[in-house]
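Listed here are the chains, written in short residue letters.
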Amino acid sequence: MTTEAHTAVRPWRAIDRRRSRKIRVGSVEVGGDAPITVQSMTNTVTADAAATIDQIRQLEEAGADIVRVSCPDEDSTAAFRTIAKAAKVPLVADIHFHYRRGIEAAEAGAACLRINPGNIGSAARVREVIQAARDHGCSMRIGVNAGSLERDLLEQYGEPCPEAMVESALRHARILQDHDFHEFKISVKASDPFLTVAAYQQLAEAIDCPLHLGVTEAGATRTGTVKSAIGIGGLLWAGIGDTIRVSLAADPVEEVKVGFDILKSLGLRHRGVNIIACPSCARQGFNVIQTVEALEQRLAHIATPMSLSIIGCVVNGPGEALMTDLGFTGGGKGSGMVYVAGKPDHKMDNERMVDHIVELVEARAAELAAASTPHRQDEGGEAPVVPAL
């Protein structure tokens, strides 16, 4: 059953996605009917090409569709050429005020420039950057942040607010549109989820370009994940958003993991094993928390979408297993029941349970991968699966 058919059976899961125009970030489509993409950003010194390439490789392995690299100086754009050649995913060059860095990054292989055209100086400089982007097939991202709004907008509105952020975004967009350049997306980020959501809601009504979602400077792993899940998740649930970046003060790989978890929770994309687990209680027949922690580590390499239920007792175990590819429910006397495709299949000792489940998941992942035509994101997304409830 495809995701669309699954939604038809359960219409309360439907998300009516805003239809934006489609652009390309290198080989990756963003907007329109393209899958929602997950981004992250390197935090290495860009001039250190080897370290930056190594971190990009880690992000690629985690599933990142697009990676952003900061280019604050000439040494960075010089290294960017080597970095872009080594990367398997499209790279966005993060440029702020110096127009020459934008031109250099475009020439060095950037798939997209994160740059606000109103911040780079004269009309002639704007034309040069736009021409460089056009010549080298670069798209652009207009990035508006509540913490760096233009002085005149702050004076007009008194403080960062949705209206000021949207006005800033549209101001920059008009510059590109006046130059007949339409390969751009926009973000309007704030560290406050309320402000973030309100700004994106207004922007979604004002323009048809793809929207890059994020709650900026969200914080450390736990607090940043919560803020991002509220802000990004709420917008995606409302159908707003075409690409996302979770901003965490943590290893960038964690940003990718959280991004996919948000998309998986909403049934928008499916990658890897979705583990459904109970919080555990005195009824548990095995240590649920330790088991789940071990399985998350042991199954991190699985990219094939599938679901696994790990439930401590028979109260909810059989019902949860009914809706998952594989399941384990705790029983008595040091063993539990293994479920396959929702049905009880065989018993397994608790001591051997983790190794056995890993073997089953790996075998099932291989079967699913062999049975379906491989789909890359740039070919229309991952193979459709039934999202676990």
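Look up: the structure comes first, before these words.
A short tour of the structure in this document, coming up.

Conventions used here
- Residues numbered from 1 in each chain as written.
- Predicted model: local features only at pLDDT ≥ 70, side-chain atom pairs only at ≥ 80, totals over all residues.
- Heavy atoms only, no water.
- Helix = DSSP H or I, 4+ residues; strand = E, 2+ residues; numbered from the N terminus.
- Expected span 1.5 Å × (residues − 1).
- Bend = angle between axes of the 7 residues up to and from the residue.
- Buried < 20%, exposed > 50% of the residue type's maximum accessible area, 1.4 Å probe, protein only.
- Contact = heavy atoms within 4.5 Å.
- Phe/Tyr/Trp six-rings, centres within 6.5 Å; stacked < 30°, edge-to-face > 60°.
- Lys NZ or Arg CZ within 6 Å of the ring centre and 35° of its normal.
- Pairing = 2+ DSSP bridges.
- Axes fitted to C-alpha atoms, helices over the stretch in contact; angles between N-to-C directions.

### Some points on helix H13 (residues 350–371)
Three- or four-residue spacings in an α-helix give side chains the same orientation, since the helix completes a turn every 3.6 residues.
Move 1: In this model H13 runs 31 Å from its N-terminal to its C-terminal C-alpha over 22 residues, within 8% of the 32 Å that 1.5 Å per residue would give.
Move 2: Maximum bend of H13: about 25 degrees, positioned at His356.
Move 3: If you check which residues of H13 are buried, you get Asn350, Met353, Val354, His356, Ile357, Val358, Val361 and Ala365.
Move 4: Against the buried residues of H13 lie strand S11 (273–277), helix H11 (288–298), strand S12 (306–311), strand S13 (326–330), strand S14 (335–340) and strand S15 (343–349).

### Digging into the packing of aromatic side chains
Move 1: Under the criterion given, the structure shown has one aromatic pair.
Move 2: Between Phe286 and Phe328, the aromatic rings sit 5.3 Å apart at their centres with planes inclined by 75 degrees, giving edge-to-face as the arrangement. With Phe286 in the loop between S11 and H11 and Phe328 in strand S13, this residue pair connects regions lying 42 residues apart in the sequence.
Move 3: Note on Phe286: relative accessible area 7%, which makes it buried.
Move 4: For Phe328, a relative accessible area of 0% translates into the label buried.
Move 5: One residue, Arg21, lies across the ring of Phe184, its end atom 4.7 Å from the ring centre.
Move 6: Directly above the aromatic system of Phe260 lies the positively charged group of Arg271, at a separation of 5.8 Å from the ring centroid.

### With respect to the sheet that holds strand S7 (residues 139–145)
Sheet strands associate in pairs through backbone hydrogen bonding, adopting either a parallel or an antiparallel arrangement.
Move 1: Read from one edge to the other, the open sheet built from eight strands follows the order S8-S7-S6-S5-S4-S3-S10-S9, with strand pairing classed as parallel. Only two strands of the sheet have a single partner each, and these edge strands are strand S8 (184–189) and strand S9 (212–213).
Move 2: Of the pairings in the sheet, the one linking strand S3 (residues 37–41) to strand S10 (residues 243–245) comprises three bridges and is parallel in character. The residue bridging Val38 from the neighbouring strand is Ile244, located in S10.
Move 3: Seen against the sheet, helix H2 (residues 49–62) touches S3, strand S4 (66–70) and strand S5 (91–94) and runs at an angle of roughly 155 degrees to S4.

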